[in-house]
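What follows is each chain in one-letter form.
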Amino acid sequence: MTSRVALRWVASAAVLAAAVAFPFWASRAEPYYLQIAINVVIFAVLALSWDLLARTGQLSLAHAAFYGLGAYTSALLTLRSGLPVPAGILLGGLLAVVVAGGLGILTLRLRGIYFAIATLAFSETLRVTTNQLRFTGAATGLVVPPLLGGGRVAQYLVILGILLLVIAISAFVNRSRWRYAVTAVRANDEVAATMGVNVVQVKVAAFMVSAFFAGITGAYYGHVFLFISPIEVYSLAVSVGALVAPIFGGLYTTAGPVIGAAVLRVGEEILRTTIRSGYLIIYGLILAVVILYMPRGLAGVWDALWRRRA
Amino acid sequence: MSLLRLQKLTKTFGGLVAVADLELAVEEGEILAMIGPNGAGKSTTFNLISGLLAPDEGTIVFDGRDVTGLPPNVRAHLGIGRTFQVMQPFHDMTVRENVMVGELFGHSVPKTLRAAQRDAEEICRLVGLEHLMGRDVLGLGVADLKRLEIARALATHPRLLLLDEVMAGLTPTEAQQAIAVIRAIRDRGVTVLLIDHVMSSVRDLAERVAVLNFGRKIAEGTFEQVARDPAVIEAYLGVEGGTAH
């Protein structure tokens, strides 16, 4: 057990060092890799923040809603009122928090598939509305000012910092008393309530934290790729991507969603560049096989391997 | 002063009256059994007391305080603990961790994880789960799941413990063990209100019995008193020439 803990620390430190050093190498060697790396980290933030809410048993399809809200809030604030980009990104995240608070209270009684449908409807409503509003650039979208003057290395380090923050929050939740609260609420919220857990607080707080990271990540996305449109940022693909990675990597863990996001995004990129047409079929097949035969994801396989050795 | 007082408690579901004008007082330190045919409103009463349901009318007074409008988690903090008839262990957690939830969140004073673990283990020993503390809840037998229900409720350090059919499905030996555990709990100063259909257990355990039928209390007294009560006999067996339940 102790060797496992030690190994985990060493591995984490090595991955962190590599992640920090990576852009300095990539920006000289192959800038295209840096672009992919930014995508991977965005995906990882979305996946892990989605998982934070999933730990309370709520299967959300609203990640696209908060991603889009953050993207549009920051884009409009920086474009129309000349707010600095970092402030815009932060406000994008904060608006997502406020909206999540309201939506969380409204959907409190909904569970499972009903909650999923309500959150999907919310996302779609925002997409359709934004598509119609002239104020938000309608279907044409908006051209967005760059973060940090467009420097890719600095931009990468910003999103890496955001990822480290979600990782810290996730690790804290899983090691503190809150793990007991969220796991109990996920298993049965009525029983949890009669054992003293404030179910409303746990669910709404998880929703707000989860939405904050979706919001700032959406805002960040706009200021890095310099263009946003409703069909892109309010896309169901954002919500689905955010839930596929944790399922693939291992739900309710810190490492699972992050590793899942990295493997999926890099794997998708490799498939895309090696298979000319129809790469998504292969991608879908791999996903289906993993979800069918590894119900606890990559983290489950890892645990099983360790148990066999011990 | 009674620890718990239900006053004119009424709950209807659509047209169905589940609990009607129910008056009940539970005295500090006693073991009171609530019995009655299926559908008499016993479990609904538990849901009203623990706060999972809100009554249409009436008040629930716990320890001199009107708790009718308070959410279940606050009632747990005040000292109302309960088990569930259908066992509902928290999955993805060990037996010990299940019990720790109550230790961590069941009272207003925050506990460290270490203290919660220590106290949860003590409760596991009290109910006879010490050999299963590290086990996942999946694969636990009925008797152990019932023990876990009791342990989790105890972990909130209740002053009033509501036991919903903890004897159902137990072998006679297991039921005897459960009776001993419930007595031990009471001897620690916990007041017990229990629902049960196993009459021998009710007789052995309860100092007083309240009988419900169609949401109303039809009798109250010692086991011997209610067993002789014509209204009770009628509720259980039906009137001669009438329809039996």
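You'll find the structure just up there.
Cut-offs and rules
Residues numbered from 1 in each chain as written. Chains lettered and ligands numbered in written order. Predicted model: local features only at pLDDT ≥ 70, side-chain atom pairs only at ≥ 80, totals over all residues. Helix = DSSP H or I, 4+ residues; strand = E, 2+ residues; numbered from the N terminus. Rg over C-alpha atoms; globule rule 2.2 N^0.38 Å. Buried ≥ 20, exposed ≤ 12 C-beta atoms within 10 Å, placed from the backbone. Contact = placed C-beta atoms within 7 Å. Pairing = 2+ DSSP bridges. Axes fitted to C-alpha atoms, helices over the stretch in contact; angles between N-to-C directions. Core = buried A, V, L, I, M, F, W, Y, C linked by C-beta atoms within 7 Å. Nonpolar A, V, L, I, M, F, W, Y, C, P; charged D, E, K, R; others polar. Left-handed = near helix turned anticlockwise from the far one by under 90°.

> Tell me about the overall build of chain B, and name the residues and values.
When helices and strands are counted, chain B shows 9 helices and 10 strands. At 18 Å, chain B has a C-alpha radius of gyration in line with the 18 Å of a compact globule built from 245 residues. For chain B, the C-alpha atoms occupy an extent of roughly 60 × 40 × 35 Å along the three principal directions. When the 245 residues of chain B are sorted by exposure, 45% land in the buried category. Of all intrachain contacts in chain B linking residues separated by at least 6 positions in sequence, the fraction that spans at least 24 positions is 66%.

> Give a description of the overall build of chain A that names residues and reports values.
In terms of helices and strands, chain A carries 14 helices and 2 strands. The C-alpha atoms of chain A give a radius of gyration of 19 Å, which matches the 19 Å a tight globule of 310 residues would have. Taking the principal axes of the C-alpha coordinates as reference, chain A spans close to 55 × 50 × 35 Å. A fraction of 78% describes how many contacts in chain A between residues 6 or more apart in sequence connect residues 24 or more apart.

> Give me the lowdown on the sheet that holds strand β2 (residues 16-26) of chain B, citing residues and values where you can.
Residue and element names in this part refer to chain B. The strand order across the open sheet formed by 4 strands is β2-β1-β4-β5, and the pairing between neighbours is antiparallel. Of all strands in the sheet, those with a lone pairing partner are β2 and β5 (65-66), marking the two edges. Where strand β1 (residues 4-13) meets β2, 7 bridges bridge the pair, whose relative direction is antiparallel. Each residue of the ladder has a partner; that of Leu-4, found in β2, is Val-26. Against the sheet, helix α1 (residues 42-50) contacts β1, β2 and β4 (57-62), and its axis sits at roughly 65 degrees relative to β2.

> Break down the nonpolar core for me, citing the residues and quoting the values.
By size, the foremost hydrophobic cluster in this structure holds 162 residues, and its most contacted members are Ala44(A), Val45(A), Ile159(A) and Val197(A). Apart from residues no more than four positions distant in its own chain, Ile159(A) is found in contact with Ile38(A), Val41(A), Ile42(A), Val45(A) and Tyr220(A).

> Let's hear about the interface of chain A and chain B: which residues, and what values?
Listed per partner, the contact involves 17 residues of chain A and 24 residues of chain B. Contributions of two or more residues to the side of chain A that touches chain B are made by α7 (177-187) and α8 (189-194) of chain A. Tallied by class, the residues present in the side of chain A that touches chain B amount to 10 nonpolar, 5 polar and 2 charged.

> So, unusual backbone geometry: which residues are in play, and what are the values?
Notably, Leu148(A) is not glycine yet its phi reads approximately 55 degrees, a positive angle. Leu148(A) gets classed as partly exposed once you count the C-beta atoms within 10 Å, which come to 15. Located in the positive-phi region is Lys8(B), a residue other than glycine, with phi close to 50 degrees. With respect to the element layout, Lys8(B) can be found in strand β1. Lys8(B) sits in the exposed class, given 12 other C-beta atoms within 10 Å.

> Explain the packing of helix α3 (residues 95-105) of chain B against helix α4 (residues 113-127) of chain B residue by residue, including any values.
Residue and element names in this part refer to chain B. Here α3 crosses α4 at 115 degrees, and the two axes come no closer than 8 Å. Once α3 is placed against α4, the crossing between them reads as right-handed. Residue-level inspection shows Val-95, Arg-96, Val-99, Met-100, Glu-103 and Leu-104 of α3 in contact with α4, the latter providing Ala-116, Gln-117, Asp-119, Ala-120, Glu-121, Ile-123 and Cys-124. Its residues placed into classes, the contact of α3 with α4 shows 8 nonpolar, 1 polar and 4 charged.

> How would you sum up the sheet that holds strand β9 (residues 208-213) of chain B? Please name residues and give values.
Residues and elements named next belong to chain B. One open sheet accounts for 6 strands, arranged β6-β7-β8-β3-β9-β10; its pairing is mixed. Each end of this open sheet is capped by a strand with a single partner; those strands are β6 (80-82) and β10 (216-221). For this sheet, the mean inter-axis angle between neighbouring strands, taken without regard to orientation, is 20 degrees. Where strand β3 (residues 31-35) lies against β9, 4 bridges are found, and the strand directions are parallel. Of the residues in β9, the one forming a bridge with Leu-32 is Arg-208. Packed onto the sheet, α1 meets β3, β6, β7 (160-164), β8 (191-195) and β9 and runs at close to 150 degrees relative to β7.

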